[in-house]
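Residue-level structure breakdown
Now for the letters of each chain:
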Amino acid sequence: MRFSSFGFFVGRETMASINLILLLPLLAAIVHGQRFNSQDACLAMLERVNEPLFMPKCEKGIVFDMPAEYMSPRYQKAGTVLSNRFGEGNRVGVRIPIKKIQMPNFDEFMKFPRLAQFSNFIPMHRNLGAKLIAIFMEMRTVEDFFAVATYLRDRINPNLFVYAFSVAIMHRSDTRNVRLPPVTETFPGKFVDGSVFMRAREESSVLSDASTVNMRATIEIPPDYTATLLEPEHRLAYFREDLGINLHHWHWHLVNPFSGPRDLVQKNRRGELFYYAHQQIIGRYDFERLCNRLPRAARLQNFNEPIPEAYFPKLSTQIASRNWASRPGGLIMRDVNREADQLRVDLADLDRWRSRFLEAVQKGRVEAANGTTINIINDIGIDILGDMMEPSDYSINRPLYGDFHNLLHVAISLIHDPDLRHLETFSVVGEAATAMRDPVFYRIHSLVQEMFNQHKLTLPRYTVEQLDFQGVTVQRVELSTPNVPVNTFQTFWQKSTVDLSRGMDFFPRGPVFARFQHLQHTDFSLNIDVNNAGARRQGLVRVYLAPKNDERNRDMAFVEQRNMFIEIDKFLVDLQPGPNKIVRASRQSTVSIPFDQSFRNLEVGRPADNASANAQDNFNFCGCGWPHHMLIPKGTPEGFPSVLFVMVSNAETDWNPRRNPGSSQCAEASAYCGLRGELYPDRRPMGYPFDRLPRNGAVTLQTFLTGNMRAQDVTIRFNDRIVDNTPNNGERPRTTDVLFPPLQPARGQPARVQTQPGGGQTWPQGGQPQPNWGRPQQPPPRNQNQNFPWGGQSSGGRPPTDFNNLFGGDRNNRGPNPGNGRGNSNPIWFPGQGGNRRWF
């Protein structure tokens, strides 16, 4: 359905009902040719969502000039007074005119309590979200869209509004270049320790005027605020509670909603993308568990057994000022019956839906709603099963195969109050923005992935001909990281800041910075030697990383290891005849997005409204992607043995060219998110070549390899140091981050390819290739008295000078934040000095 806009050439009676004073700014904007600024309107709409919209927003002082009846009923009687109070003065810098249009009936949305939590996993909430998205998408112009948003924003549930509004912003053609602020700013209570807000209130209230606002202290978020290391699962808190990871999960579900208008939901290979994105999450989580001497996550198989994992999130909701529910260990799921949410979940239904899914997998066909059967022993079967599992609106037969994944989340999230007798809402595992914080999330998805794997076991195995790239040989793969040995990743702790002020309702204005600790890795590059025995052609390079050993420190069986290969990068390369040298910088990864892409201030450095389309697009690049600081698993101080896999396949058969090249920057992190308005770039099944059982006789990774593949042993060395590169009271960095070398080529640029002399290209500046081309300078051989931060016994020697300066000390020579140097092969986590985590 469509709703007509209110025009200026209307009947006399309608015109008489308009408040002419409130229309004057709109008329002035039209006379002066002012263009509606969607980016400003979006930022203001999502700032301090509990505050009325007539109050100035953002650093610019954005004010919405709206009809009086668009105010919430609570403030309409005082509309003139409030407009004069908040609509004038130094705080007002930008005025956004809001037109009056004919509004549809919103009673259904008004009935949903404004202070309630919202979850797409709950069917009633999901339906409300889908209907609101449809209304937003149906608005004919961007002005109509923001008019409806302005009317609803202060009337309906803020969580519901932000979800539907965000999905619409991302999918409307007239707002495709509008950048959403990170949800960490809109709802900071879903991401950081609740005690932060009391300290933030003190800072912002005392230091509130223009002369003192920059004196506000940066608030420290402790790395261990949800548990102590008496809880083994807390060793993974740095992964589960990482702001970037949880933001990624929220953003993934915005890009891929499972309910709403057809063109939003039924995207190319959407069901398969659900499978692959979560398969990679589980692979990464299990990788991190092995790095922390923990077994891989156990599947949640028996719904009637106690769940031993406890989780106490220490989060508070900014909307209702309530704490998120906790789950003690040992609770047992029960049937859910909550009339207020129109929610009923029987555990017997979950068992039944799981059995029907597995039965379809074993038979190799699914039953459609019209009674026909569809074969799934093919490349598209996983796409059908993915839509069935989640399920999306386009599940092949929801009455038969049910709502397994979503309602399993719901049943566990309400384990503490399944019948609403205590008036408690769901826990963090019941909401997309918070679900990955809870250890049980990974047990749920380990079960889901095992059900998908049962399907993958039924598919034909790839033959050598399907894997090989005739005439192309990968001769060498080498990992280069500055100041560490070849084929070594280096990880460490880093501190960064996030501005919470956009989500702090009714607080004095000005930035409120919070500092948090997260994993980081040193930038690296891949050097790949490829020989092309044929004519010039294009190759598709796939890069994966997997652990080498299992929980018992034995070589991992390849049939298990194939499920733990995590994607690091995937890119096109032009292959000249003869030898080719490929250099690929880590920051170019098509899997991840940079840290500042997730958390930067969208009001700073934005191109002018009249800037070129290219400049605007470069600023508004896509926000969906794995956080780059979590691209590499943590590793261990002594070096975690891993294997780096590189494969070059035929781009002509494997790659989907873009239909609209250059139309968006979203192509840069397409591996887990796909491309907006495009086919998924890789034509092969997601996870290829590890998504199926290896061919007969290929019992190890080495026997699986063909000429166009190469596996290289690497190590991941964790250095227990903190690099603090955070602003000082929002003004300047506290330290210089010396871990990062000069910036690598920008994301989106092709990898550098060079051929040996005579191969069609020349070396830089006409020079000749060096024996160690592409390698970092190697440290001198160490003697047995030296102790490097990457392992070994010591009697007190120091590491090479460059590395020592880099971290300011080693594990025995008690520099800043020293380690212990005991060389224990089975270390245990304990809190270190200054909030560090250290190995003993």
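Residues numbered from 1 in each chain as written. Predicted model: local features only at pLDDT ≥ 70, side-chain atom pairs only at ≥ 80, totals over all residues. Heavy atoms only, no water.

Quick notes on the nonpolar core
Threshold: Grouping buried Ala, Val, Leu, Ile, Met, Phe, Trp, Tyr and Cys residues that are joined through side-chain atoms within 4.5 Å yields what is termed a nonpolar core. For the exposure calls, accessible area comes from a 1.4 Å probe over protein chains only, and a residue counts as buried if that area is under 20% of its type's maximum, exposed if over 50%, partly exposed in between. The contact criterion used is simple: two residues touch if any of their non-hydrogen atoms lie within 4.5 Å.
One finds Phe 136, Phe 146 and Phe 165 to be the most contacted residues of the largest nonpolar core, which totals 203 residues. Not counting chain neighbours up to four residues away, the residues in contact with Phe 165 comprise Cys 42, Met 45, Leu 46, Phe 136, Phe 145, Phe 146 and Ala 149.

Digging into the pairing of strand β10 (residues 513-521)
Rules: The helix count covers DSSP runs of H or I at least four residues long, the strand count covers runs of E at least two residues long, and both are numbered beginning at the N terminus. Note on pairing: DSSP must find at least two bridges between two strands before they are called paired.
The element β10 is extensively covered by neighbouring structure, given that 9 of its 9 residues are classed as buried. Burial of the side chains of β10 extends over both faces: Phe 513, Arg 515, Gln 517, Leu 519 and His 521 are buried on one face and Ala 514, Phe 516, His 518 and Gln 520 on the other. Summarising the sheet, strand β3 (residues 219-220) and β10 pair through 2 bridges and their orientation is parallel. In the strand pairing of β10, Ile 219 is matched with Ala 514.

Let's talk about the environment of Arg 683
Position of Arg 683 among the secondary structure elements: in the loop between α25 (651-654) and α26 (701-704). Taking the C-alpha atoms as reference points, Arg 683 and Trp 655, 28 residues apart in sequence, are found 5.6 Å from one another. In this structure Arg 683 touches Arg 269, Glu 652, Thr 653, Asp 654, Trp 655, Asn 656 and Pro 657, once residues within four positions along its chain are discounted.

Re the pattern of salt bridges
Formally: Only one rule defines a salt bridge in this text: a Lys or Arg side-chain nitrogen within 4 Å of an Asp or Glu carboxyl oxygen.
Taken as a whole, this structure holds 44 salt bridges when the rule is applied. Glu 108 serves as the salt-bridge partner of Lys 131, at 2.8 Å between the closest nitrogen and oxygen. Here Lys 131, found in helix α7 (residues 123-138), pairs with Glu 108, found in helix α6 (residues 107-110); they are 23 residues apart in sequence, far enough to count as distant. Assessed through its relative accessible area of 40%, Glu 108 is described here as partly exposed. Here Asp 387 makes a salt bridge to Arg 270, at a shortest N to O gap of 4.0 Å.

What to know about the sheet that holds strand β13 (residues 566-575)
Which entries qualify depends on this criterion: Angles shown run from 0 to 180 degrees and are taken between the N-to-C directions of axes, each axis being a line fitted to C-alpha atoms and, for helices, limited to the stretch in contact.
Pairing is mixed across the open sheet formed by 7 strands, whose spatial order is β3-β10-β9-β18-β17-β12-β13. Bordering the open sheet on either side are β3 and β13, each of which pairs with just one other strand. Inspection of the sheet shows strand β12 (residues 537-547) paired to β13 by 9 bridges, in the antiparallel sense. Bridging from a neighbouring strand, Val 541 pairs with Phe 571 of β13. Strands β10, β12, β13, β17 (640-650) and β18 (709-724) of the sheet are contacted by helix α15 (residues 270-291), whose axis makes an angle of about 115° with β13.

With respect to helix α13 (residues 243-255)
Quick reminder of the rule: Residue count minus one, scaled by 1.5 Å, sets the expected span of a helix. In protein, a polar contact means a hydrogen-donor-capable atom and an acceptor-capable atom, both N or O and within 3.5 Å, with residues adjacent in sequence counting only if both atoms are side-chain atoms; elsewhere, any N or O pair within 3.5 Å suffices.
For α13, spanning 13 residues, the distance from its first C-alpha to its last is 18 Å, which sits close to the expected 18 Å at 1.5 Å a residue. For α13, the N-terminal cap is Asp 242; the gap from its side-chain oxygen to the backbone nitrogen of Gly 244 is 2.9 Å.

Topic: empty space enclosed by the protein
Our working rule: Here a cavity denotes grid points, spaced 1 Å and computed from the protein atoms alone, that fit a 1.4 Å probe unable to get out, and a pocket denotes an open set having protein on both sides within 12 Å along at least 5 of 7 lines; residues with an atom within 4 Å of a point are the lining. Grid points are joined across faces, edges and corners, and a volume is the space filled by probe spheres set on the points.
Scanning the entire structure with this criterion turns up 16 cavities of 30 Å³ or more. By volume, the largest cavity is sized at about 200 Å³. In terms of lining residues, the largest cavity is bounded by 17 residues, among which Pro 223, Tyr 225, Glu 241, Phe 516 and Gln 517 are the most central. Of all the secondary-structure elements, those providing two or more residues to the lining of the largest cavity are α12 (237-240) and β10. Here the lining of the largest cavity gets 4 residues from one element, more than from any other, and that element is β10.

A word on the packing of aromatic side chains
Note the following rule: When two rings of Phe, Tyr or Trp (its six-membered ring) have centres within 6.5 Å they constitute a pair, described as stacked for plane angles under 30 degrees, edge-to-face for angles over 60, and tilted for the intermediate range. By definition here, charges over rings are those cases where NZ of Lys or CZ of Arg is within 6 Å of the ring centre and within 35 degrees of the ring normal.
Summed over all chains, the structure comprises 40 aromatic pairs. Taking the centre distance of 5.3 Å and the plane angle of 75° together, the rings of Tyr 275 and Phe 452 count as edge-to-face. Residue Tyr 275 is found in helix α15, and its partner Phe 452 is found in helix α20 (residues 439-456); the two are separated by 177 residues along the sequence. Each of the two residues, Tyr 275 as well as Phe 452, counts as buried. A cation sits over an aromatic face here: Lys 190 above Phe 187, 4.5 Å from the ring centre.

Brief notes about the packing of helix α17 (residues 381-389) against α20
Each pair of packed helices gets described by two things: the angle between the helix axes and the distance between those axes. Rule in force here: An angle below 35 degrees is read as roughly parallel, one above 145 as roughly antiparallel, one from 65 to 115 as roughly perpendicular, and any other as oblique. Each crossing is labelled by how the near helix is turned from the far one, with a counterclockwise turn of less than a right angle marking it left-handed and a clockwise turn marking it right-handed. Gly is placed with the polar residues, together with every amino acid not listed as nonpolar (Ala, Val, Leu, Ile, Met, Phe, Trp, Tyr, Cys and Pro) or charged (Asp, Glu, Lys and Arg).
In contact at an axis separation of 11 Å, α17 and α20 are set at 155° when each is read in the N-to-C sense. Viewed along their axes, α17 and α20 adopt a mutual orientation that is roughly antiparallel. Of the two elements, α17 crosses α20, and the hand of that crossing is right-handed. Residues Gly 381, Ile 382, Leu 385, Gly 386 and Met 389 of α17 lie in contact with α20, whose contacting residues are Val 448, Met 451, Phe 452, His 455 and Lys 456. Looking at the contact of α17 with α20, its residues break down into 6 nonpolar, 3 polar and 1 charged.

Some words on the side chain of Arg 515
Topologically, Arg 515 is positioned in strand β10. For Arg 515, the side chain forms a polar contact with the side chain of Glu 220, separated by 2.6 Å.

Regarding the environment of Gly 194
In this fold, Gly 194 is placed in the loop between α10 (183-186) and α11 (196-206). Once the C-alpha coordinates of Gly 194 and Leu 315 are considered, the two residues, 121 residues apart in sequence, prove to be 5.0 Å apart. Setting aside chain neighbours within four positions, we find Gly 194 in contact with Lys 314 and Ser 316.

Side note on the confidence of the model for the chain
The following threshold applies: The pLDDT value tells you how sure the predictor is about a given residue, anywhere from 0 up to 100.
Averaged over every residue, the pLDDT of the chain is 80; residues scoring 70 or more account for 75%. The low-confidence segment residues 1-34, where pLDDT is below 50, has 37 contacts with residues more than four positions distant or belonging to other chains. A low-confidence stretch, residues 755-840 stays under pLDDT 50, and its non-local contacts, those more than four residues away or across chains, total 190 contacts.

With respect to the state of the cysteines
To be explicit about the condition: Disulfide assignment relies on a single distance test, namely cysteine sulfur atoms paired within 2.5 Å.
If you walk through the whole model with that rule in mind, you get 1 disulfide. Here Cys 624 engages in a disulfide with Cys 673; their sulfurs sit 2.0 Å apart. Classification of the bridge connecting Cys 624 and Cys 673 rests on its S-S torsion, roughly -75°, and on that basis the disulfide is left-handed. Here Cys 624, found in the loop between α24 (613-619) and β16 (626-627), pairs with Cys 673, found in the loop between α25 and α26; they are 49 residues apart in sequence, far enough to count as distant.

Observations concerning the pairing of strand β11 (residues 525-532)
Burial runs high along β11: 7 of the 8 residues are buried. Relative to β11, strand β8 (residues 472-480) is paired through 8 bridges, and the arrangement is antiparallel. Bridge pairing links Arg 476 to Asp 529 in β11. Relative to strand β14 (residues 578-585), β11 is paired through 8 bridges, and the arrangement is antiparallel. Bridge pairing in β14 links Ser 525 to Ala 585.

Re the packing of α15 against α17
Two numbers describe how α15 lies on α17: the axes approach to 6 Å, and their chain directions differ by 75°. The orientation of α15 relative to α17 falls into the category roughly perpendicular. Taking contact as the criterion, the partners of Arg 270, Gly 271, Glu 272, Phe 274 and Tyr 275 in α15 are, on α17, Ile 382, Asp 383, Gly 386, Asp 387 and Met 389. For the contact of α15 with α17, the class distribution of residues is 4 nonpolar, 2 polar and 4 charged.

What to know about α11
This is how it is decided: Here the arc refers to the directions that run from the helix axis out to each C-beta atom.
Those residues of α11 that sit buried are Val 196, Phe 197, Ala 200 and Ser 204. Seen end-on, α11 carries its buried residues on one side only, within an arc spanning 80°. Facing away from the buried side of α11, by more than 90 degrees, are the exposed residues Met 198, Glu 202 and Val 206. Among the structural elements, β3 are those in contact with the buried residues of α11.

Structural notes on the side chain of His 445
Here His 445 is to be found in helix α20. Judged by relative accessible area, which is 1%, His 445 ranks as buried. A polar contact is formed between the side chain of His 445 and the side chain of His 405, at a distance of 3.3 Å. Excluding residues within four positions of it along the chain, His 445 makes contact with Phe 274, His 278, Ile 282, His 405 and His 409.

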